[in-house]
Each structure stands twice: as structure tokens, then as C-alpha cells.
Amino acid sequence: MEFKNAISIWFFIGIVLVVYGTFIFGAGIYGLIVPPAKPVVLNELHAGVWWGAILLAAGILYVVKFNPKKKKD
Amino acid sequence: MTGSIVSLGTIDILIIAFYFALVLGIGFYLKRFTKTGDDFFMAGRKMTSWIAGLSFLAANLGALELMGWSAAAYQYGILATHWYWIGAIPAMLFLAIIMMPFYYISKTHSVPGYLQMRYGNASRALSAVSFGFMTVLMSGINMYSMALVMKVVLGWDIHFSIWVSSVTVAIYVTLGGLLSAIFNEVLQFVLIWAGALLIPIIGMIEAGGWHKMVLKIQANFAGLDLTHLWRSIGSFQGNVMGIHWTGIVFGLGFVISFGYWTTDFLVVQRVLSAKDLRAAKMAPIIGAGFKMMVPFIVILPGLLALAVMPGLVGESQAVATGGHSYNEVLPLMLARYAGPGLLGLGITALIAGFMSGMAGNVSAFATVWTYDIYKPLRKSVTDAHLVKVGRWATVLGVIISIGTAYLVMQFASIMDYVQALFSFFIAPLLATVLFGMLWKRATAAAGFWGLLAGTLSSIGMWVWVKLDPRALAVIAFSPNAKAMSENMYRALWSCCIAALVTIVVSFLTKPKPESELVGLVRGCTELPSEGDYKLYQRPIFWAGIVLACLIALNVVFW
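Residues numbered from 1 in each chain as written. Chains lettered and ligands numbered in written order. Predicted model: local features only at pLDDT ≥ 70, side-chain atom pairs only at ≥ 80, totals over all residues.

Engineer: Explain the environment of B:A194 to me, please; I cannot follow it from the model alone.
Structural biologist: Tracing the backbone shows B:A194 in helix 8 (residues 158-196). Overall, B:A194 belongs to the buried group, with 26 C-beta atoms counted inside 10 Å. In this structure the C-alpha to C-alpha distance between B:A194 and B:A349, which are 155 residues apart in sequence, comes to 7.7 Å. Discounting chain neighbours no more than four positions away, the residues touching B:A194 are A:L55, B:L345 and B:A349. (Helix = DSSP H or I, 4+ residues; strand = E, 2+ residues; numbered from the N terminus. Buried ≥ 20, exposed ≤ 12 C-beta atoms within 10 Å, placed from the backbone. Contact = placed C-beta atoms within 7 Å.)

Engineer: Could you clarify how one ought to interpret the interface of chain A and chain B in this entry?
Structural biologist: Interfaces are often sized by the accessible area lost when the parts come together. If you look at the interface, chain A gives 25 residues, while chain B gives 28 residues. Going through the elements one at a time, helix 1 (9-33) and helix 2 (47-65) of chain A are the ones with two or more residues in the side of chain A that touches chain B. The biggest single contributor to the side of chain A that touches chain B is helix 1 of chain A, with 11 residues. Its residues assigned to classes, the side of chain A that touches chain B comprises 20 nonpolar, five polar and no charged. (Nonpolar A, V, L, I, M, F, W, Y, C, P; charged D, E, K, R; others polar.)

Engineer: Is there a simple way to think about the confidence of the model for chain A in this case?
Structural biologist: Interpretation of the predicted coordinates at a detailed level should be avoided for regions scoring low in pLDDT. For chain A, the average pLDDT comes to 88, and 90% of its residues sit at 70 or higher. Between the elements of chain A, mean pLDDT differs from a low of 72, seen in helix 3 (residues 68-72) of chain A, to a high of 95, seen in helix 2 of chain A. (pLDDT = per-residue confidence, 0-100.)

Engineer: Mind showing me how you'd approach unusual backbone geometry here?
Structural biologist: Most peptide bonds are trans, and most residues other than glycine sit at a negative phi. Residues and elements named next belong to chain A. For L42, which is not glycine, the phi dihedral falls at a positive 60°. Mapping L42 onto the fold places it in the loop between helix 1 and helix 2. Assessed through the 14 C-beta atoms surrounding it within 10 Å, L42 is described here as partly exposed. Here the phi dihedral of H46 falls at roughly 50°; this positive angle occurs in a residue that is not glycine. Here H46 shows up in the loop between helix 1 and helix 2. Residue classification places H46 among the partly exposed positions, given that 15 C-beta atoms sit within 10 Å.

Here it is, written out as C-alpha cells:
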């Protein structure tokens, strides 16, 4: 198998961003519903929600753009 | 888990576990693509400029980088940024435009390999052995640093951290060689940014913006200028680092920086994996563009901590009082702002940084060991045999690194000597490589004796200061010079000595005929024209843009 047929590194990065984005976004939403007992500084910004959403969106973009099935077609 | 800075929740543990599973999965997946020596040691020389460039930078984002420079920013203020800007960017651009053509056209597998072609076996052997020694030592120290951080931050057992991280790196580098190391380094680079960028963003909101942050720092540390790059270094006494601008410009900006970024095979190897000469020239330029931005996730958190978290002290004082040391500033800031999930991502970013540095050391060691130490001792070896040796060398490198980590655990003072290693081996190498590439009169004997004289003189100066501290005033021009300043001036001296010996011996010995220097030396090599490329496709254009940004940043933060 030639290296040119390998899955792109950017696809792997997309996968990791989708997984982490989902985890962090989910944890952020949970924190909105059930406020933490020991909140971090500036907890009211709900960084987990928007940072998770940004990672998830970037991840989806990369997974779609560098999808190995798309390359074979 | 008591006494740790942060405690992880289930979601954080899941994030870290997923990272380990993914890097191992990538290693197993890439094994099928590493059949030949070129595949294993040079990633098939098929990397795009972006992948080679990000990997070039990520290999440098190791243990001492993320934690160490945040701590340095807390200790020395914005002066620490010099190590990212003038102490890196000009050298990276010089590598791209001036040196890369010779490394790439010569088709060398390594920097010692280039020295063999240019100067002969003696220079190759000397630089290969010193590089191998330095690399595994650095790798072990990185490993120990990581384990120590995990102990302090998370309360993890130090042996658990050492073995889990080293076995993971050993598996994925042994399976996929440089290709696997590069893939994981690019992944790690993205994770480092995703995990660390949130700290300065939220920190800036808390501090109320740059201007208010500066006012708070001035109020917290009256009388110290911690927020200007150049204003305070007009004299040795005017700044907290005890350094003069000449040390920054010539010691750091030239010798230390050029030595590391242009001759340390750990980083140069990543660029040699590029698919063509243009990609090889663009890779360090792309790396330089991102390098300029690294202070925003490394230095800025340290500065923000000066504003919002004053009172961190040195390590010994922290141990005595039970307080926190500024060496822990990055995890402390992480714990301050990152809730569940984000904390796991931040810790993963730290682990990724540590592992990319370790993988970089181990893959470079395997290449130098195989091509520059093992192969010259054998009359004839097959390519498949070299791949096998490379895989075993990777395992050997990891085992020696683990041994070094345990050695450092017993003798913690070894950590203080890390920076000194650089001035011993890399600073003189810069003179040897530069004369080799740019001066056709430099002879084989001159290359060897210059390198040896530079290395021995550097070690000699280090021993001299250890035996007689008054020597510091001679070597670093000031009895007030701190360790960083001393290292810089020692590096400058050793490079000058190597250069002087190279010049003198060259005039006393017979040079190689020009026909033997084709592809190795400027003036004897016809470089491919870039005339067919549009302006915005030429590396020199992007090097100019990066240089202009560097100048602008230095003016803004003057």
C-alpha cells in the first residue's frame, strides 16, 4: 500500500476535535443545569459550552473535508 | 490523590484515555506504510510543508517548553519572550532560505550524515556520539519532568507516569518510525493549542485587558519592569534576568538560536521529511509563523499570573513554606479557569507536549544511531536490516531515557545542567556546519578540530565557573549573571572558538577539490530556480512577511 492512500492526518485531527468537543460541550451544558459545588473563576462565562461548540464545529469541518471515503470516490 | 493542584473528574479521565488510545491507534495504523529505511527514518520524504512545518515546531514543544517558559515568564516577565522571537524566528528563516537547500539536495539522513559528506568520518562520529548522548539525556530529563508535573498537578505516582508515557511513545515510534512521530506531533500541536488557548483568553477577561494587566503587575511588583522587551536590558543590573542586550542579540539571537534551529537534528529531521525542496523551505517558515504565536499560550499565562496570582515563590521557598512555586504557574492557571472537560483537555495538552518532545528525541536518536553510529561499523547492510536496527534503537533510546529519568530522580541537581548541554554540543556544531555550507575552503581536518575545540572549551568554561565562581565575571562579563545568561555567553565563546580553529586549520591543510563539494557547499552548487513560481508561492516572500511581523511585535512590546 502506498502512503498516498493513507488516511489524512487532518481527518484524525477532526475525529479528536469532534470527540473532545462533544465531551466538553456536554460537560458545559451539564454545568449550566447543575452548577458545580466549587466553581472556577469566571464560571459565569460558561467557557465549556462555547469552547466545546467551537471544537465540535471545527472537528466536523475537518472530518467532512478530509473524509477518506470522499478521497476514494 | 491528596495534595495535588487539581483533581480530575470522569469526563477528564475519559479525555486523557482517548488521547492515549488514539496515538497508539495511529502508530498501529501507520506501521503498514513504513517498509523501507526512507519510510521509517525520513517518513518517506513525502510530507507537505504544513505537516513538516507543524511537526518541526511541535517536536520543540516539550516538557521544558510549556511548563518551563510559563514559569520563566512569572520569574522574568516578558523578557522570556525573547526565546520565542529573536531567539527563534531569524534562525528558522535562515534555515529555510540559506541552509535547507544543502541539507535537502545532499539527501542526507541526518546532520552528522551531512558532516560525513562535507568533512569525513571523524566529524560525523564526533557529532553523532555527542548528539546521541545529549538526546537520550534530554529525553530522560523530559520524562522525569513530566512525571514530576503529573505528581504535583494530579497526584499521580511518578513511576506510573514514567512507564505509561515512555511505553506509549516506544510503541508508536517503533511501529511507524518518523512517520508516526510526525503524525502524532501534528495532532499534539493542535491539542496543545485547543487545551492551552483558553487560559489567556479567560485570563485577559479577568485582568481587564492588556493595559489593566500591566498596571496590576506594576502595582504587585513595584520597581521592576516586567512588561517591556528591550527597555530594561540596557545594563546587566536594570533587569531581573541580569542580562545585557548584547547577550540577547548575539548569544541568544545568534549562537543559541541558530545552533538549535539549524543544526539540532531533532528539529531538522522533521524538515528533511518534506516532499520537495520548496516544501522543505516552506516548512520552517510555517513553523516560524506559529512559533511567533506560542508566547500567547506560554508567556501570557505567566504574565497574567503576575497580575491575578501574585505571591508564587521559588521552588526551595515553596517547599519550605508549603506554598506554591512559580514552576507550577501553568497548571495553577488551568485549575483557576478550567471546569470539567476543559481541565481534561488542558492536562491532555500538557501530556501531549511532553510526549511530542520525547518522541522527537527518540526518533532522532534512532536515526543517528542507525545511520551514523551503527552503519559505518558494518561493511554492508540491507535496507530491511537498517529498519530493524532502527526499531531496536527506538526501544534502546526509550530504555536509556527511562534509566536517565531514574538517575535524575536520585540526583535532582542534574536538572540544573540541562541548558549547559546545549552549549557543550550544539553551539560549536553551528560554526562547523555554517563553515561547511558557506565556505568551500573549510577542510576535513578543520571541521573535526573546530568541533572538538569548541566542545572541549565549552565544557572547560563550565568546569572553570564551578571550581571558581569568580570566572563568571570573565565568561559572562558580569558577576551578577544568572544561569541563563552564563549559558548564553558560554555558547557564544565556544562557537567563536570553534570558528577560529576551523579557519586556522583550514589555512594549514589542503581543501577538497570543488567537484567533491557539489550539492554540499554554497558556490559549488547550482540551486533550483524559483522563477516559475508566482510571488506568493515563493518561500522568500513568506519569510519576508514573517520577518516583518517579528519586527512589528518587537516594536509594539519594546
